[in-house]
Amino acid sequence: MTNKIAVPFVSFKPLENELKNELSRAFDRVLNNSWYIDGNEDNIFEKGFSQYIGTKYCVGCGNGLDALMLSLKALNIGPGDEVIVPSNTYIATALAVTYVGAKPVFVEPDIRTFNINPDCIEASLTPRTKAIMPVHLYGQSCDMDRIMVICEKYNLFIVEDCAQAHGAIYHSKKNNRDYKTGTLGDAAGFSFYPGKNLGALGDAGAAVTNEEEIAKKIRAFGNYGSDYKYHHIYKGNNSRLDELQAAFLSVKLSHLDRMNNVRRLVAKKYMEGIKNPDIVLPFIPDYTEPVWHIFAIRVKNRDSLERFLNDRGIGTNKHYPIPMHLQGAYKDLGFKEGDFPIAEEISSTELSLPMYYGLTDEQIQWVIDCINQWEA
Ligand SMILES: *Cc1c(COP(=O)(O)O)cnc(C)c1O
(Lines give C-alpha, C1' and ligand atoms only; values in the text may rest on other atoms or scores of the structure.)
Protein backbone atom coordinates (compact mmCIF):
# COMPACT_ATOMS: atom_id res chain seq x y z
CA MET A 1 0.00 0.00 0.00
CA THR A 2 1.50 3.32 -0.99
CA ASN A 3 -1.07 5.75 0.28
CA LYS A 4 -2.45 5.22 3.76
CA ILE A 5 -4.00 7.61 6.28
CA ALA A 6 -4.50 6.48 9.88
CA VAL A 7 -8.13 6.85 10.99
CA PRO A 8 -8.56 5.20 14.40
CA PHE A 9 -12.09 3.97 15.11
CA VAL A 10 -12.26 6.37 18.04
CA SER A 11 -9.96 8.95 19.61
CA PHE A 12 -10.65 11.14 22.63
CA LYS A 13 -7.46 13.17 22.16
CA PRO A 14 -8.73 16.02 19.92
CA LEU A 15 -11.47 16.89 22.42
CA GLU A 16 -9.31 16.32 25.50
CA ASN A 17 -6.55 18.55 24.17
CA GLU A 18 -9.08 21.30 23.62
CA LEU A 19 -10.72 20.96 27.04
CA LYS A 20 -7.59 20.21 29.06
CA ASN A 21 -7.57 23.53 30.95
CA GLU A 22 -11.28 23.44 31.71
CA LEU A 23 -11.07 19.83 32.93
CA SER A 24 -8.02 20.60 35.06
CA ARG A 25 -9.83 23.51 36.68
CA ALA A 26 -12.78 21.21 37.44
CA PHE A 27 -10.40 18.72 39.05
CA ASP A 28 -8.76 21.45 41.16
CA ARG A 29 -12.14 22.69 42.31
CA VAL A 30 -13.14 19.26 43.59
CA LEU A 31 -9.78 18.66 45.25
CA ASN A 32 -9.88 22.07 46.94
CA ASN A 33 -13.35 21.31 48.31
CA SER A 34 -12.32 17.86 49.62
CA TRP A 35 -15.90 16.73 49.03
CA TYR A 36 -16.30 13.71 46.77
CA ILE A 37 -19.83 12.27 46.94
CA ASP A 38 -23.22 14.00 46.89
CA GLY A 39 -22.19 17.64 46.86
CA ASN A 40 -22.30 20.84 44.91
CA GLU A 41 -20.84 19.52 41.66
CA ASP A 42 -23.45 16.80 41.58
CA ASN A 43 -26.24 19.35 42.10
CA ILE A 44 -24.88 21.64 39.42
CA PHE A 45 -24.57 18.88 36.86
CA GLU A 46 -27.99 17.40 37.63
CA LYS A 47 -29.62 20.83 37.24
CA GLY A 48 -27.70 21.52 34.04
CA PHE A 49 -28.48 18.15 32.51
CA SER A 50 -32.20 18.17 33.35
CA GLN A 51 -32.39 21.66 31.91
CA TYR A 52 -30.58 20.55 28.77
CA ILE A 53 -32.80 17.50 28.26
CA GLY A 54 -35.99 19.26 29.34
CA THR A 55 -37.10 17.20 32.33
CA LYS A 56 -37.87 18.40 35.85
CA TYR A 57 -35.50 15.96 37.56
CA CYS A 58 -32.15 14.33 37.01
CA VAL A 59 -30.54 11.83 39.37
CA GLY A 60 -26.85 11.05 38.91
CA CYS A 61 -25.95 7.34 39.03
CA GLY A 62 -22.82 5.24 38.89
CA ASN A 63 -23.37 4.20 35.25
CA GLY A 64 -26.00 3.83 32.54
CA LEU A 65 -26.98 0.28 33.43
CA ASP A 66 -27.83 1.39 36.97
CA ALA A 67 -29.76 4.43 35.69
CA LEU A 68 -32.01 2.04 33.72
CA MET A 69 -32.23 -0.54 36.48
CA LEU A 70 -33.07 2.03 39.18
CA SER A 71 -35.70 3.60 36.90
CA LEU A 72 -37.41 0.21 36.48
CA LYS A 73 -37.24 -0.35 40.23
CA ALA A 74 -38.74 3.06 40.93
CA LEU A 75 -41.68 2.08 38.71
CA ASN A 76 -42.16 -1.05 40.87
CA ILE A 77 -41.21 -3.41 38.08
CA GLY A 78 -39.92 -6.70 39.42
CA PRO A 79 -40.40 -10.47 39.61
CA GLY A 80 -43.34 -11.75 37.56
CA ASP A 81 -43.28 -8.72 35.24
CA GLU A 82 -42.25 -8.57 31.60
CA VAL A 83 -40.58 -5.68 29.84
CA ILE A 84 -40.37 -5.21 26.06
CA VAL A 85 -36.82 -4.54 24.84
CA PRO A 86 -35.52 -4.43 21.26
CA SER A 87 -33.77 -7.57 20.03
CA ASN A 88 -31.06 -5.32 18.57
CA THR A 89 -29.33 -3.35 21.34
CA TYR A 90 -26.40 -3.42 23.70
CA ILE A 91 -26.99 -6.14 26.32
CA ALA A 92 -27.26 -3.57 29.15
CA THR A 93 -30.87 -2.82 28.17
CA ALA A 94 -31.92 -6.42 28.84
CA LEU A 95 -29.66 -6.80 31.89
CA ALA A 96 -31.38 -3.84 33.58
CA VAL A 97 -34.66 -5.78 33.30
CA THR A 98 -33.04 -8.99 34.51
CA TYR A 99 -31.48 -7.25 37.53
CA VAL A 100 -34.84 -6.06 38.87
CA GLY A 101 -36.09 -9.66 38.60
CA ALA A 102 -38.34 -9.10 35.59
CA LYS A 103 -38.18 -10.84 32.20
CA PRO A 104 -36.89 -9.10 29.07
CA VAL A 105 -39.07 -9.85 26.02
CA PHE A 106 -37.25 -9.21 22.76
CA VAL A 107 -38.98 -7.48 19.85
CA GLU A 108 -37.50 -7.19 16.37
CA PRO A 109 -36.20 -3.89 14.95
CA ASP A 110 -37.02 -2.22 11.66
CA ILE A 111 -34.12 -3.20 9.41
CA ARG A 112 -33.90 0.33 8.00
CA THR A 113 -33.66 2.24 11.30
CA PHE A 114 -32.15 -0.55 13.49
CA ASN A 115 -34.67 0.54 16.17
CA ILE A 116 -37.59 -1.40 17.67
CA ASN A 117 -40.38 -1.90 15.11
CA PRO A 118 -43.69 -0.62 16.54
CA ASP A 119 -45.57 -3.04 14.25
CA CYS A 120 -44.04 -6.00 16.10
CA ILE A 121 -44.73 -4.88 19.67
CA GLU A 122 -48.39 -5.81 20.21
CA ALA A 123 -47.87 -9.48 19.36
CA SER A 124 -45.36 -9.72 22.24
CA LEU A 125 -47.55 -8.21 24.94
CA THR A 126 -49.01 -10.41 27.69
CA PRO A 127 -50.98 -9.58 30.85
CA ARG A 128 -47.59 -9.49 32.59
CA THR A 129 -46.12 -6.76 30.38
CA LYS A 130 -45.46 -3.66 32.47
CA ALA A 131 -43.20 -1.48 30.34
CA ILE A 132 -41.51 -0.86 27.02
CA MET A 133 -37.88 0.19 26.84
CA PRO A 134 -37.30 1.95 23.52
CA VAL A 135 -33.57 2.25 22.80
CA HIS A 136 -32.62 5.21 20.63
CA LEU A 137 -29.83 3.20 19.10
CA TYR A 138 -26.80 4.77 17.44
CA GLY A 139 -28.18 8.21 18.42
CA GLN A 140 -31.41 8.05 16.41
CA SER A 141 -34.83 8.35 18.04
CA CYS A 142 -37.36 5.52 17.90
CA ASP A 143 -40.77 6.04 16.32
CA MET A 144 -42.18 7.34 19.61
CA ASP A 145 -45.68 8.52 18.61
CA ARG A 146 -46.54 4.95 17.66
CA ILE A 147 -44.91 3.46 20.76
CA MET A 148 -46.77 5.92 22.99
CA VAL A 149 -50.11 4.96 21.42
CA ILE A 150 -49.44 1.31 22.33
CA CYS A 151 -48.41 2.27 25.88
CA GLU A 152 -51.55 4.30 26.41
CA LYS A 153 -53.75 1.52 25.03
CA TYR A 154 -52.25 -1.16 27.30
CA ASN A 155 -51.32 1.09 30.23
CA LEU A 156 -47.59 0.44 30.03
CA PHE A 157 -44.68 2.48 31.34
CA ILE A 158 -41.99 3.79 29.01
CA VAL A 159 -38.37 3.74 30.17
CA GLU A 160 -36.18 5.17 27.42
CA ASP A 161 -32.65 3.87 27.02
CA CYS A 162 -30.87 7.08 26.01
CA ALA A 163 -27.35 5.76 26.49
CA GLN A 164 -26.52 6.61 22.86
CA ALA A 165 -28.80 9.59 22.33
CA HIS A 166 -27.72 12.66 24.35
CA GLY A 167 -29.41 15.56 22.59
CA ALA A 168 -31.17 13.58 19.85
CA ILE A 169 -34.43 15.16 18.69
CA TYR A 170 -37.77 13.48 18.10
CA HIS A 171 -40.36 15.33 16.07
CA SER A 172 -43.83 14.32 17.21
CA LYS A 173 -46.42 14.54 14.46
CA LYS A 174 -49.14 13.98 17.00
CA ASN A 175 -48.25 17.05 19.04
CA ASN A 176 -46.42 18.82 16.23
CA ARG A 177 -43.44 19.68 18.42
CA ASP A 178 -39.87 18.63 19.00
CA TYR A 179 -38.79 16.61 22.02
CA LYS A 180 -35.36 15.62 23.19
CA THR A 181 -35.06 11.90 23.73
CA GLY A 182 -35.34 11.31 27.46
CA THR A 183 -38.52 13.39 27.80
CA LEU A 184 -40.86 10.97 26.06
CA GLY A 185 -41.51 8.41 28.76
CA ASP A 186 -41.92 7.95 32.50
CA ALA A 187 -38.16 7.85 33.05
CA ALA A 188 -35.01 7.57 30.97
CA GLY A 189 -31.51 6.29 31.58
CA PHE A 190 -28.37 7.94 30.21
CA SER A 191 -24.84 6.55 30.20
CA PHE A 192 -21.78 8.78 30.41
CA TYR A 193 -19.35 5.99 29.59
CA PRO A 194 -16.30 7.74 28.08
CA GLY A 195 -17.15 6.84 24.47
CA LYS A 196 -20.73 8.13 24.60
CA ASN A 197 -21.66 11.50 23.05
CA LEU A 198 -21.48 12.98 26.56
CA GLY A 199 -18.72 11.01 28.24
CA ALA A 200 -17.20 11.21 31.71
CA LEU A 201 -13.55 10.38 32.45
CA GLY A 202 -14.69 7.07 33.89
CA ASP A 203 -18.04 5.41 34.58
CA ALA A 204 -21.11 7.56 35.19
CA GLY A 205 -24.80 7.77 34.32
CA ALA A 206 -28.06 9.53 35.13
CA ALA A 207 -31.78 8.96 35.18
CA VAL A 208 -34.19 11.73 34.21
CA THR A 209 -37.93 12.05 34.81
CA ASN A 210 -40.71 14.60 35.23
CA GLU A 211 -42.21 12.83 38.25
CA GLU A 212 -40.98 13.89 41.67
CA GLU A 213 -41.94 10.55 43.25
CA ILE A 214 -39.98 8.58 40.68
CA ALA A 215 -36.93 10.85 41.03
CA LYS A 216 -37.00 10.48 44.82
CA LYS A 217 -37.23 6.71 44.58
CA ILE A 218 -34.39 6.47 42.07
CA ARG A 219 -32.20 8.59 44.34
CA ALA A 220 -33.09 6.54 47.40
CA PHE A 221 -32.55 3.18 45.64
CA GLY A 222 -29.11 4.35 44.49
CA ASN A 223 -28.18 5.50 47.98
CA TYR A 224 -28.70 2.39 50.15
CA GLY A 225 -32.47 2.86 50.06
CA SER A 226 -32.11 5.90 52.24
CA ASP A 227 -34.37 8.95 51.94
CA TYR A 228 -32.71 10.64 54.88
CA LYS A 229 -29.34 9.93 56.49
CA TYR A 230 -29.39 6.54 58.29
CA HIS A 231 -33.11 6.06 57.54
CA HIS A 232 -33.48 3.16 55.10
CA ILE A 233 -36.92 2.69 53.55
CA TYR A 234 -35.80 0.32 50.76
CA LYS A 235 -33.19 -2.41 50.43
CA GLY A 236 -31.24 -0.20 48.08
CA ASN A 237 -27.79 -0.39 46.57
CA ASN A 238 -24.96 2.05 46.00
CA SER A 239 -24.89 3.82 42.66
CA ARG A 240 -24.11 7.51 42.88
CA LEU A 241 -22.51 10.04 40.60
CA ASP A 242 -19.30 11.25 42.24
CA GLU A 243 -18.26 14.89 42.43
CA LEU A 244 -15.24 14.50 40.19
CA GLN A 245 -17.19 12.95 37.31
CA ALA A 246 -20.00 15.47 37.81
CA ALA A 247 -17.50 18.33 37.54
CA PHE A 248 -15.99 16.86 34.35
CA LEU A 249 -19.46 16.26 32.93
CA SER A 250 -20.51 19.88 33.48
CA VAL A 251 -17.52 20.94 31.38
CA LYS A 252 -18.38 18.46 28.62
CA LEU A 253 -22.10 19.32 28.74
CA SER A 254 -21.36 22.92 27.82
CA HIS A 255 -19.77 21.63 24.59
CA LEU A 256 -22.28 18.87 23.81
CA ASP A 257 -24.33 20.65 21.15
CA ARG A 258 -21.18 21.73 19.33
CA MET A 259 -19.80 18.15 19.49
CA ASN A 260 -23.09 16.71 18.23
CA ASN A 261 -23.12 19.20 15.34
CA VAL A 262 -19.63 18.11 14.38
CA ARG A 263 -20.86 14.49 14.30
CA ARG A 264 -23.78 15.61 12.11
CA LEU A 265 -21.33 17.20 9.70
CA VAL A 266 -19.23 14.03 9.53
CA ALA A 267 -22.40 12.01 8.90
CA LYS A 268 -23.44 14.39 6.11
CA LYS A 269 -20.06 13.95 4.43
CA TYR A 270 -20.29 10.16 4.66
CA MET A 271 -23.90 10.20 3.36
CA GLU A 272 -22.98 12.39 0.40
CA GLY A 273 -19.61 10.83 -0.35
CA ILE A 274 -20.23 7.10 -0.10
CA LYS A 275 -21.49 5.92 -3.49
CA ASN A 276 -20.62 2.23 -3.43
CA PRO A 277 -23.84 0.42 -4.47
CA ASP A 278 -23.03 -2.54 -2.19
CA ILE A 279 -23.27 -0.32 0.91
CA VAL A 280 -26.58 0.38 2.65
CA LEU A 281 -26.28 3.83 4.22
CA PRO A 282 -28.20 4.85 7.37
CA PHE A 283 -31.87 5.70 6.83
CA ILE A 284 -33.05 8.85 8.63
CA PRO A 285 -36.83 8.98 9.07
CA ASP A 286 -38.31 12.49 9.07
CA TYR A 287 -39.28 12.20 12.76
CA THR A 288 -35.70 12.16 14.01
CA GLU A 289 -32.65 14.37 14.09
CA PRO A 290 -29.92 11.94 15.15
CA VAL A 291 -26.77 12.71 17.15
CA TRP A 292 -24.76 9.97 15.42
CA HIS A 293 -23.32 8.10 18.37
CA ILE A 294 -22.46 5.48 15.78
CA PHE A 295 -22.42 5.69 11.99
CA ALA A 296 -23.74 2.27 11.04
CA ILE A 297 -23.67 0.97 7.48
CA ARG A 298 -24.84 -2.44 6.29
CA VAL A 299 -22.99 -4.60 3.83
CA LYS A 300 -23.39 -8.24 2.80
CA ASN A 301 -19.70 -9.11 2.59
CA ARG A 302 -18.87 -7.27 5.81
CA ASP A 303 -15.70 -9.07 6.81
CA SER A 304 -14.14 -8.39 3.43
CA LEU A 305 -14.90 -4.65 3.66
CA GLU A 306 -13.66 -4.57 7.24
CA ARG A 307 -10.34 -6.16 6.26
CA PHE A 308 -10.04 -3.83 3.27
CA LEU A 309 -10.52 -0.75 5.49
CA ASN A 310 -8.33 -2.02 8.34
CA ASP A 311 -5.52 -2.70 5.83
CA ARG A 312 -5.75 0.95 4.79
CA GLY A 313 -5.42 2.30 8.35
CA ILE A 314 -9.13 2.73 9.03
CA GLY A 315 -10.54 1.44 12.32
CA THR A 316 -14.00 -0.13 12.31
CA ASN A 317 -16.28 -1.85 14.79
CA LYS A 318 -19.44 -3.98 14.89
CA HIS A 319 -22.49 -3.05 16.96
CA TYR A 320 -23.15 -5.77 17.90
CA PRO A 321 -21.54 -8.99 16.62
CA ILE A 322 -23.76 -11.38 18.66
CA PRO A 323 -27.44 -10.55 19.19
CA MET A 324 -28.67 -10.78 22.77
CA HIS A 325 -30.84 -13.86 22.29
CA LEU A 326 -27.74 -15.84 21.24
CA GLN A 327 -25.52 -14.60 24.09
CA GLY A 328 -24.44 -17.16 26.67
CA ALA A 329 -25.90 -14.96 29.41
CA TYR A 330 -29.40 -15.52 28.01
CA LYS A 331 -29.11 -19.24 27.29
CA ASP A 332 -31.83 -19.77 29.89
CA LEU A 333 -34.39 -18.08 27.62
CA GLY A 334 -33.91 -21.01 25.23
CA PHE A 335 -33.56 -19.11 21.95
CA LYS A 336 -31.77 -20.45 18.89
CA GLU A 337 -30.45 -19.08 15.65
CA GLY A 338 -33.31 -17.94 13.42
CA ASP A 339 -35.57 -16.80 16.26
CA PHE A 340 -34.90 -13.11 15.62
CA PRO A 341 -33.86 -12.98 11.95
CA ILE A 342 -33.73 -9.17 11.67
CA ALA A 343 -31.50 -8.78 14.73
CA GLU A 344 -29.34 -11.59 13.32
CA GLU A 345 -29.20 -9.92 9.90
CA ILE A 346 -28.03 -6.68 11.55
CA SER A 347 -25.42 -8.52 13.64
CA SER A 348 -23.95 -10.13 10.57
CA THR A 349 -24.03 -7.11 8.22
CA GLU A 350 -23.57 -3.98 10.36
CA LEU A 351 -20.26 -2.12 10.24
CA SER A 352 -19.49 1.05 12.21
CA LEU A 353 -17.28 3.76 10.72
CA PRO A 354 -15.10 6.27 12.60
CA MET A 355 -17.37 8.98 14.07
CA TYR A 356 -16.10 11.52 16.60
CA TYR A 357 -15.06 15.08 17.24
CA GLY A 358 -11.68 15.81 15.68
CA LEU A 359 -11.83 13.73 12.50
CA THR A 360 -10.09 15.79 9.81
CA ASP A 361 -11.50 16.37 6.33
CA GLU A 362 -8.58 14.35 4.99
CA GLN A 363 -9.45 11.39 7.25
CA ILE A 364 -13.15 11.55 6.36
CA GLN A 365 -12.32 11.68 2.64
CA TRP A 366 -9.95 8.72 3.04
CA VAL A 367 -12.73 6.63 4.60
CA ILE A 368 -15.10 7.62 1.76
CA ASP A 369 -12.51 6.93 -0.97
CA CYS A 370 -11.60 3.52 0.43
CA ILE A 371 -15.23 2.44 0.73
CA ASN A 372 -15.92 3.59 -2.82
CA GLN A 373 -12.89 1.65 -4.09
CA TRP A 374 -13.91 -1.60 -2.42
CA GLU A 375 -15.45 -4.31 -4.57
CA ALA A 376 -17.77 -6.81 -2.87
C1 LIG B 1 -23.60 2.08 26.97
C2 LIG B 1 -24.98 1.56 26.98
C3 LIG B 1 -25.64 1.21 28.16
C4 LIG B 1 -24.95 1.07 29.49
O5 LIG B 1 -24.24 2.15 29.94
P6 LIG B 1 -23.03 1.94 30.98
O7 LIG B 1 -22.74 3.32 31.43
O8 LIG B 1 -21.91 1.30 30.26
O9 LIG B 1 -23.54 1.09 32.10
C10 LIG B 1 -26.97 0.85 28.09
N11 LIG B 1 -27.64 0.82 26.93
C12 LIG B 1 -27.04 1.12 25.76
C13 LIG B 1 -27.83 1.07 24.50
C14 LIG B 1 -25.69 1.48 25.74
O15 LIG B 1 -25.10 1.77 24.58
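Cut-off values and rules
- Residues numbered from 1 in each chain as written.
- Predicted model: local features only at pLDDT ≥ 70, side-chain atom pairs only at ≥ 80, totals over all residues.
- Heavy atoms only, no water.
- Axes fitted to C-alpha atoms, helices over the stretch in contact; angles between N-to-C directions.
- Helix = DSSP H or I, 4+ residues; strand = E, 2+ residues; numbered from the N terminus.
- Parallel < 35°, antiparallel > 145°, perpendicular 65-115°, else oblique.
- Left-handed = near helix turned anticlockwise from the far one by under 90°.
- Contact = heavy atoms within 4.5 Å.
- Pairing = 2+ DSSP bridges.
- Buried < 20%, exposed > 50% of the residue type's maximum accessible area, 1.4 Å probe, protein only.

Student: Describe the packing of helix α1 (residues 13-33) against helix α7 (residues 243-253), and please don't skip the residues or the numbers.
Tutor: In contact at an axis separation of 9 Å, α1 and α7 are set at 140 degrees when each is read in the N-to-C sense. Classified by the angle between their axes, α1 and α7 sit oblique to one another. Of the two possible hands of crossing, α1 and α7 adopt the one that is right-handed. Where α1 approaches α7, its residues Leu15, Leu19, Glu22, Leu23, Ala26, Phe27, Arg29 and Val30 are matched on the opposing element by Glu243, Leu244, Ala247, Phe248, Val251 and Lys252.

Student: I'd like to hear about the sheet that holds strand β12 (residues 279-280), residue by residue, with values.
Tutor: Reading across the sheet, the three strands line up as β12-β14-β15 and stay open at both edges, with antiparallel pairing between neighbours. Strands with a single pairing partner mark the edges of an open sheet, and in this sheet they are β12 and β15 (350-353).

Student: Account for helix α5 (residues 144-154), naming residues and giving values.
Tutor: Looking at α5, one finds that the buried residues are Met144, Asp145, Ile147, Met148, Ile150 and Cys151. Those residues of α5 that are buried are in contact with β4 (129-132), β5 (157-161) and β6 (169-172). A positive phi of about 60 degrees marks Asn155, the residue just after α5.

Student: With reference to specific residues and values, describe unusual backbone geometry.
Tutor: Backbone phi values are negative for most residues with the exception of glycine, while trans is the configuration of most peptide bonds. Residue Tyr320 is bonded to the preceding His319 through a cis peptide linkage, with omega at 10 degrees. Relative to the helices and strands, Tyr320 is located in the loop between α9 (302-311) and α10 (341-349). Phi angles above zero are rare outside glycine, and Trp292 is one such case at about 50 degrees. Position of Trp292 relative to the elements: it lies in the loop between β13 (288-289) and β14 (295-299).

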